[in-house]
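Below are the chains, spelled out letter by letter.
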Amino acid sequence: MTNLDPKRYLERLESGLVPTAGAQPLVCSTCRSGAKSGFERCYPCWDKDIVEVLPISMSIDGEALHHRLRKYKDGNPEQRKIFTLQLAVLLLLFLRYHRTCIGGRYDAVVTVPSRSRDAVWGIVKKLPDLRDLHVALTYTGVGGTPTYRAPAYLREKRVLLLDDTFTSPDRS
């Protein structure tokens with residue numbers, strides 16, 4: 001098991017972190033991306049019954065965090081290993097400083113797979129506190145649409161749901 005020393009990676013990570021916008025006009029109240037004037041939510045979040053999203057940082061095309069996310073997702077195996085470790089440190093630090101912001105304790109950790117693999121699991125398994133609470137989703141997709149189902153026993157549990165999805169602000 002890898003013992004992570006956040007201080008070792010912090011300098012590399014800090015330059016790439018961009019604070020997310022708080023509640024204000026033109027910011028989606030759910031995912032914190034762009035929303036059209038007069039609307040509380042962006043188009044992708046508008047008709048969905050989803051809980052509020054708490055982004056760690058905005059990923060801006062061409063900036064340091066965007067580079068790390070792309071290499072962790074699409075890089076060669078050695079690049080994935082390096083950037084997965086750096087993103088694990090970022091998640092560790094975020095949870096260390098903001099655990100109370102997201103409700104304190106959780107009973108389970110669930111990661112959202114992409115079409116080809118569960119890349120976020122690569123980050124979570126580096127962190128023993130999260131790894132030991134991980135619950136896998138069951139693939140139920142039909143017709144090429146990835147759909148997943150959580151085990152029924154999670155229904156009344158506090159779940160930390162981790163996803164690494166890229167979102168694009170609505171710039172219209």
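The structure presented is a predicted model; accordingly, all values stated were derived computationally and were not measured.

Peer 1: Would you mind going over the pairing of strand β4 (residues 159-162) with me for this structure?
Peer 2: Along any regular strand, the residues point their side chains to alternate faces of the sheet. By the alternation rule, side chains of β4 split into L160 and L162, which are all buried, and V159 and L161, of which none is buried. Bridge count between strand β1 (residues 108-111) and β4: 4 bridges; the pairing is parallel. Bridge assignment links V110 to a residue of β4, and that residue is L161.

Peer 1: I'm lost on the pattern of salt bridges in this one. Help?
Peer 2: Two side chains carrying opposite charge are able to pair once their charged atoms lie near each other. Under the definition given, this model contains 3 salt bridges. Between D74 and R70 there is a salt bridge; the shortest N-O distance is 2.2 Å. Of this pair, D74 and R70 both sit in helix α3 (residues 64-74), 4 residues apart, which is roughly one turn of the helix. Of the charged contacts in the structure, one is a salt bridge between R131 and D132, with a shortest N-O distance of 3.5 Å. What makes D132 exposed here is its relative accessible area of 58%.

Peer 1: Honestly, the environment of K157 in this entry has me stumped. Any pointers?
Peer 2: Within the secondary structure, K157 is located in the loop between β3 (148-149) and β4. Counting along the chain gives 51 residues from K157 to Y106, while the straight-line C-alpha distance between them is 7.6 Å.

Peer 1: Honestly, α3 in this entry has me stumped. Any pointers?
Peer 2: Every α-helical turn comprises 3.6 residues, leaving residues that sit three or four positions apart pointing alike. For α3, the set of buried residues is L65, H66, R68, L69, Y72 and K73. For α3, the angular spread of the buried residues around the axis is 160 degrees, confining them to a single face.

Peer 1: Hey, could you run me through the side chain of T84 in this one?
Peer 2: With respect to the helices and strands, the residue T84 is situated in helix α4 (residues 77-98). On the accessibility criterion, T84 (10% relative accessible area) is buried. In this structure, T84 is in contact with Y72, G122, I123 and K126, ignoring residues within four places of it in sequence.

Peer 1: When you look at unusual backbone geometry in this model, what are you seeing that I'm missing?
Peer 2: Generally, phi is negative for residues other than glycine and the peptide bonds are trans, each holding for most cases. In this model, L26 sits at a positive phi of 70 degrees, which is unusual for a non-glycine residue. Secondary-structure assignment places L26 in the loop between α1 (6-14) and α2 (43-46).

Peer 1: Even after reading the chapter, I still don't get α4, so can you show me in this structure?
Peer 2: Here α4 contains 22 residues, and its C-alpha end-to-end distance of 31 Å stays within 8% of the 32 Å for a straight helix at 1.5 Å per residue. Capping of α4 at its N-terminal end is provided by N76; its side-chain oxygen lies 3.0 Å from the backbone amide nitrogen of E78.

Peer 1: Even after reading the chapter, I still don't get the confidence of the model for the chain, so can you show me in this structure?
Peer 2: Atom-level detail of predicted coordinates should not be read off regions where pLDDT is low. Chain-level statistics for the chain give a pLDDT mean of 78 and a share of 78% at 70 or above. Of all secondary-structure elements in the chain, the lowest mean pLDDT belongs to α1, at 65, while β1 reaches the highest, 92. Note that pLDDT drops below 50 for residues 166-172; the model gives that stretch 11 contacts with residues more than four away or on any other chain.

Scoring rules and cut-offs
- Residues numbered from 1 in each chain as written.
- Predicted model: local features only at pLDDT ≥ 70, side-chain atom pairs only at ≥ 80, totals over all residues.
- Heavy atoms only, no water.
- Buried < 20%, exposed > 50% of the residue type's maximum accessible area, 1.4 Å probe, protein only.
- Helix = DSSP H or I, 4+ residues; strand = E, 2+ residues; numbered from the N terminus.
- Pairing = 2+ DSSP bridges.
- Salt bridge = Lys/Arg side-chain N within 4 Å of Asp/Glu carboxyl O.
- Arc of directions from axis to C-beta.
- Contact = heavy atoms within 4.5 Å.
- Expected span 1.5 Å × (residues − 1).
- Polar contact = N/O pair within 3.5 Å; in protein donor to acceptor, adjacent residues only side chain to side chain.
- pLDDT = per-residue confidence, 0-100.

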